[in-house]
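Structural characterization, general
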Amino acid sequence: MVLANCACPNWFFLTYGVNKSCGLDCFHVDDSKVTLNVCLGKQFSGGELFLWGVRCEDHVNTETQSEEILDYSHVPGHAVLHYGRHRHGARPIKSGHRINLLLRCRSIVKVVWVPPEYGGGVACICADGTFSLWKEVAEDTKPLQWKLCKGFETSSNQVLDMQFGVLFTSLKLVAAYSNGHVKVYELLDPLELKNWQLQAEFQNVIDSTSNFAKAACLSASISWTPQRGDSQQLSFVLGFNSNVMQLNFAKNTDEITKAIIGTSNAIASVSAKSIFLS
Ligand SMILES: O=C(O)CCC(=O)C(=O)O
Ligand SMILES: [Fe+2]
């Protein structure tokens, strides 16, 4: 199983002809940070690429301003590089055939299986710091495919690490972000991998960042503590590396943040080292 070719197809060829084109109905955003679209040939007319402005996930269907509209006629041997979130599509081919190489830059840096009792799926962190959940779709005649279940909103912060934690019937997911925040999500419906609720959010370097306002995390590593007996508490340790030397040195012992996650939603107390949910 090669996930890179399924969940985040990095590159593929497109062939369009008069009866096979993308058309206005395929107006879309790509599942990538940036897309490189190289026209390889051959002879064709029509098939222009139209671009209608960059939008975030929540505003993908908002109005287009006239100054945002850009029509580009493909030229064999030339390439276009655009943001994945730049809304775009291709007009129908009027004659001939067009072949393009599409390279979607969104390589995977980490995959984690969803615990088996919650179905076959994986979480992916991509090199651009985005983070999503994918489910296997098996159809008899077709090769195994991966379908996007949930893309987590990361704003301009990158996800550095994530891990699942299982507490009785509840599935939790903890993610560490480049701005030093840690988010704990809970799955609301065990049968619906897309329904997650943010249960807690905290700063993992809470004392230190007030002194170093611009501190950011460069890497992080999370591990859930093995559960003992029938303990009703779940905890994890988080190690991180920040861009502020003093944080990594002077606060050496604070690099490990320990969080105790109980069964309900409220944060009872927060300190540099411990988060208690009760
Ligand atoms: O046909 C084109 O040039 C654009 C195709 C495209 O945007 C895509 O496949 O994602
Ligand atoms: Fe596209």
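These figures come from a predicted structure and were not determined experimentally. (Residues numbered from 1 in each chain as written. Chains lettered and ligands numbered in written order. Predicted model: local features only at pLDDT ≥ 70, side-chain atom pairs only at ≥ 80, totals over all residues. Heavy atoms only, no water.)

Describing the pattern of salt bridges
Our working rule: One side-chain nitrogen of Lys or Arg within 4 Å of one carboxyl oxygen of Asp or Glu is enough to make a salt bridge. A run of DSSP states H or I qualifies as a helix once it reaches four residues; a run of E qualifies as a strand once it reaches two. Both are numbered from the N-terminal end. Throughout, exposure labels follow a simple rule: accessible area from a 1.4 Å probe, protein chains only, divided by the maximum for the residue type, with under 20% read as buried, over 50% as exposed, and the rest as partly exposed.
Under the definition given, this model contains 6 salt bridges. The shortest N-O distance in the salt bridge between Arg-104 and Asp-30 comes to 3.4 Å. Placement of the pair is Arg-104 in strand β10 (residues 98-105) and Asp-30 in the loop between β2 (23-28) and β3 (34-41), with a sequence separation of 74 residues. Here Glu-68 and Arg-55 are joined by a salt bridge, their closest N and O atoms 2.8 Å apart. Taken together, the residues Glu-68 in the loop between β5 (49-54) and β6 (70-72) and Arg-55 in the loop between β5 and β6 connect sequence positions 13 residues apart. What makes Glu-68 partly exposed here is its relative accessible area of 22%.

Let's talk about the sheet that holds strand β11 (residues 108-113)
Heads up, the condition is: We treat two strands as partners when DSSP finds at least two bridges between them. Lines fitted to the C-alpha atoms define the axes, with helices restricted to the stretch that makes contact. Angles between their N-to-C directions range from 0 to 180 degrees.
Read across the sheet, 4 strands follow the order β11-β12-β13-β14 without closing on themselves; strand pairing throughout is antiparallel. On the outer flanks of this sheet lie β11 and β14 (145-152), each paired with one strand and no other. This sheet shows a mean twist of 30 degrees between the axes of neighbouring strands, independent of strand direction. The pairing of β11 with strand β12 (residues 121-126) spans 5 bridges and is classified as antiparallel. For Lys-110, the partnering residue across the bridge sits in β12 and is Ile-125.

Details of the coordination of the iron ion (ligand 2)
How we decide: In this description, a donor is an N, O or S atom within 2.8 Å of the metal centre, a cutoff extended to 3.2 Å for sodium, potassium and calcium. Water is not part of the atom list, which can make sites seem incomplete.
The protein atoms donating to the iron ion (ligand 2) are His-28 (NE2), Asp-30 (OD) and His-88 (NE2), with metal-donor distances spanning 2.1 to 2.2 Å. On the basis of relative accessibility, which here comes to 5%, the residue Asp-30 falls in the buried class.

Description of unusual backbone geometry
Between Gly-41 and the following residue, Lys-42, the backbone shows a cis peptide bond with an omega angle of -5 degrees. Inspection of the secondary structure puts Lys-42 in the loop between β3 and β4 (44-46).

What about the pairing of β5?
Judged from the 3 bridges that link them, β5 and β6 form a sheet pairing that is antiparallel. Residue pairing for β6: Phe-50 is matched across the bridge by Asp-71.

Considering the site of ligand 1
Rules: Put simply, a residue is near a molecule or strand once any heavy atom of it comes within 4 Å of that molecule or strand. Counted as a polar contact is a pair of N or O atoms within 3.5 Å, where, for protein atoms, one must be capable of donating a hydrogen and the other of accepting one, and residues adjacent in sequence contribute only when both atoms are in side chains. Per-residue and other accessible areas follow the Shrake-Rupley method at a 1.4 Å probe size, with only the shown protein chains counted as cover for residues. Residues are said to line a cavity or pocket when one of their atoms sits within 4 Å of a point; the points come from a 1 Å grid over protein atoms alone, cavities being sets where a 1.4 Å probe fits but cannot get out and pockets being open sets with protein on both sides within 12 Å along at least five of seven lines. Placement in a cavity or pocket follows one criterion, namely that more than half of the molecule's atoms lie within 2 Å of its grid points. Here the nonpolar group is Ala, Val, Leu, Ile, Met, Phe, Trp, Tyr, Cys and Pro; Asp, Glu, Lys and Arg are the charged ones; every other residue, Gly included, is treated as polar.
Taken together, the neighbourhood of ligand 1 is formed by Leu-14, Tyr-16, His-28, Asp-30, Asn-37, Leu-49, His-74, His-88, Ala-90, Arg-98 and Arg-104. Measuring from an oxygen atom of ligand 1, one finds a side-chain N or O atom of Asn-37 at 2.8 Å. One nitrogen or oxygen atom from the side chain of Arg-104 is found 2.6 Å from an oxygen atom belonging to ligand 1. Its free accessible area being 300 Å², ligand 1 has 95% of it covered by the protein chains. One can see that ligand 1 is located within the second largest pocket. For the shell around ligand 1, the secondary-structure elements that each account for two or more residues are β1 (11-16), β8 (86-90) and β10. Of the residues assigned to the shell around ligand 1, the class counts are 4 nonpolar, 4 polar and 3 charged.

Here we look at the nonpolar core
Spelled out, the test is: Nine residue types can take part in a nonpolar core, namely buried Ala, Val, Leu, Ile, Met, Phe, Trp, Tyr and Cys, and a core is a set of them joined through side-chain atoms within 4.5 Å. A contact between two residues is defined here by any heavy atoms of the two lying within 4.5 Å.
Judged by nonpolar contacts, the single largest core of 20 residues is most densely connected at Phe-131, Leu-133, Met-162, Phe-164, Leu-173 and Trp-196. Breaking this core down by element, the ones donating at least two residues are β12, β13 (131-137), β14, β15 (159-167), β16 (170-177) and β17 (181-187). In terms of residue count, the dominant contributor to this core is β16 (4 residues). With residues near it in sequence (within four places) discarded, Trp-196 still touches Leu-133, Lys-150, Phe-152, Phe-164, Leu-171, Lys-172, Leu-173, Tyr-185, Glu-186 and Leu-187.

A closer look at a nonpolar patch on the surface
To be explicit about the condition: Any residue with relative accessible area above 30% and no salt bridge may belong to a patch, with like charges joined within 9 Å and the nonpolar Val, Leu, Ile, Met, Phe, Trp and Tyr side chains within 5 Å.
Together, Trp-11, Phe-13 and Leu-40 make up an exposed nonpolar region whose accessible area comes to about 350 Å². Checked against the element boundaries, Trp-11 lands in strand β1.

Some points on the environment of His-86
In this fold, His-86 is placed in strand β8. Assessed through its relative accessible area of 18%, His-86 is described here as buried. For His-86 and Thr-35, which are 51 residues apart along the polypeptide, the C-alpha to C-alpha distance reads 9.5 Å. Apart from residues no more than four positions distant in its own chain, His-86 is found in contact with His-28, Val-29, Leu-51, Trp-52, Gly-53 and Val-54.

Some remarks on the side chain of Lys-183
The criterion, for reference: In this tally, Asp and Glu contribute negative charge and Lys and Arg positive charge; neither His nor the terminal groups of the chain are included.
If you trace the backbone, Lys-183 turns up in strand β17. Buried charge Lys-183 goes without a salt bridge, the closest partner of opposite sign being Glu-201 at 4.3 Å.

Let's talk about the confidence of the model for the protein chain
Do not read the predicted coordinates in detail wherever pLDDT is low. Put simply, the rule reads: Residue-level confidence of the predictor is what pLDDT reports, using numbers from 0 through 100.
The pLDDT averaged across the protein chain works out to 76; a share of 74% of its residues lies at or above 70. Here strand β22 (residues 267-270) is the element of the protein chain with the lowest mean pLDDT, 28, and β5 is the one with the highest, 94. Per-residue pLDDT stays below 50 along residues 1-9; that stretch engages in 22 contacts with residues further than four places along the chain or on separate chains. In this model, residues 248-278 is a region of pLDDT below 50 whose contacts with residues beyond four sequence positions or in other chains number 82 contacts.

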